[in-house]
Structure formats: C-alpha cells, structure tokens
Amino acid sequence: MGKKSREKGKRGERELAKLLRSYGYSARRGQQYCGANGDADVVGLPGLHIECKWVENLNLSDAMEQSKGDAKQGEIPVVMHKKNRHPWMATMSAVNFVNMVAETSLLRSFPNALITIPLYDFLEIYDGYIGEAGGGNEG
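Structure report, in brief. Not measured: the values here are computed from a predicted model.

Some remarks on the packing of aromatic side chains
Line of reasoning, step 1. In this structure the tally under the stated criterion is 0 aromatic pairs.
Line of reasoning, step 2. Directly above the ring of W54 sits R11, whose terminal nitrogen or CZ lies 5.9 Å from the centroid.

Some thoughts on the nonpolar core
Line of reasoning, step 1. Counting residues in each nonpolar core, the largest one holds 13 residues, and the members touching the most others are L16, L20, V42, I50 and M80.
Line of reasoning, step 2. The set of elements that each furnish at least two residues to this core consists of α1 (3–22), β3 (48–54) and β4 (76–82).
Line of reasoning, step 3. Not counting the four nearest positions on each side in its chain, V42 is found in contact with E13, L16, A17, L20, A27, R28, R29, G30, I50 and C52.

Digging into the pattern of salt bridges
Line of reasoning, step 1. What the rule picks out here adds up to 6 salt bridges.
Line of reasoning, step 2. Here E15 makes a salt bridge to K82, at a shortest N to O gap of 4.0 Å. Of the two residues, E15 is situated in helix α1 and K82 in strand β4; the sequence distance between them amounts to 67 residues.
Line of reasoning, step 3. Judged by relative accessible area, K82 falls into the buried class, the value being 10%.
Line of reasoning, step 4. Residues K68 and E65 are paired through a salt bridge, measuring 3.4 Å at the closest nitrogen-oxygen approach. Highlighted residues: K68 and E65, both in helix α2 (residues 60–70), separated by 3 residues, approximately one helical turn.
Line of reasoning, step 5. The class for K68 is partly exposed, based on a relative accessible area of 44%.
Line of reasoning, step 6. Relative accessible area serves as the criterion here: at 49%, E65 is assigned to the partly exposed category.

A few points about the layout of surface pockets
Line of reasoning, step 1. Volume-wise, the largest pocket comes out at about 2,100 Å³.
Line of reasoning, step 2. Around the largest pocket sit 46 residues that line it, and A90, T91, M92, F97 and L114 are the ones nearest its centre.
Line of reasoning, step 3. A per-element tally of the lining of the largest pocket places helix α3 (residues 94–102) first, with 6 residues.
Line of reasoning, step 4. Taken together, the residues of the lining of the largest pocket sort by class into 35 nonpolar, 8 polar and 3 charged.

The rules behind the values
Residues numbered from 1 in each chain as written. Predicted model: local features only at pLDDT ≥ 70, side-chain atom pairs only at ≥ 80, totals over all residues. Heavy atoms only, no water. Phe/Tyr/Trp six-rings, centres within 6.5 Å; stacked < 30°, edge-to-face > 60°. Lys NZ or Arg CZ within 6 Å of the ring centre and 35° of its normal. Core = buried A, V, L, I, M, F, W, Y, C linked by side-chain atoms within 4.5 Å. Buried < 20%, exposed > 50% of the residue type's maximum accessible area, 1.4 Å probe, protein only. Helix = DSSP H or I, 4+ residues; strand = E, 2+ residues; numbered from the N terminus. Contact = heavy atoms within 4.5 Å. Salt bridge = Lys/Arg side-chain N within 4 Å of Asp/Glu carboxyl O. 1 Å grid on protein atoms, 1.4 Å probe; cavity = no way out; pocket = protein on both sides within 12 Å on 5 of 7 lines; lining within 4 Å. Points joined across faces, edges and corners; volume = space filled by probe spheres on them. Nonpolar A, V, L, I, M, F, W, Y, C, P; charged D, E, K, R; others polar.

Shown next as structure tokens:
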C-alpha cells in the first residue's frame, strides 16, 4: 500500500472517530498505528469490531472477511466505509443486524434504513416468510 493510500486511511479513521464522537461515543483510532495487528481501526463502540475503509472501489467481501478475522470473541464485525463526497455507511451480516435490532425497540425508528444481502440468502428468507404466511415457492 502506498503512502498516499495509508494517509487517506488514517484520515478516514480520524474522520470516522470524530463523527462517532459527535454522536456521543468515546471513539478514537485503534492501536494499529503502534504496530499491533488485528486491532480495530476505530474503537469506542463496545461489542463492535470496526474496520474503516475510505475508498472509491471497495471490495466489501474482503473488508468483511478482514473484520471477521480480526474480531475478538463476542465482537460483531462491522465495516464502516465511504466514498469521496458520500456519507459513511455501515455493513454487517444480516444475522447480526437482525439480532441487534431485535434487542431494541428501535425498528420503527428507521423506516428508510437499507440492508443489502446476497440474493440467494434473500430468496431463502423470502421462501421461509411466504411459507410461514401460508404461501410457498410456486416457481
């Protein structure tokens, strides 16, 4: 990775930490700058392992694998990412998202929230949903 890329990554980590602090979290860059491997890029949200990416062409699968591989026992792997001139986004597994939301009463508070999952997984969920509702896969 080139120096320019590393600097952009550091800027992204600082910007994300600042944004999270503006929401009331005690966020800061992780310890990776001290030479420790496997630490989260940004820390301060207990229970999450945050991988921070500020790139135009993100390989989200690779970023999620990195977050999963580095997450400690009990931490939910999350990739927080952005493109230039775009807002920050957070990606996590659908299972972790549903479990997190199910433990709160906030589901109706986010009517415009989007979640992206692989089509095959979506169709499995859909078939189960239709099956429980008395329908089924007619296709």
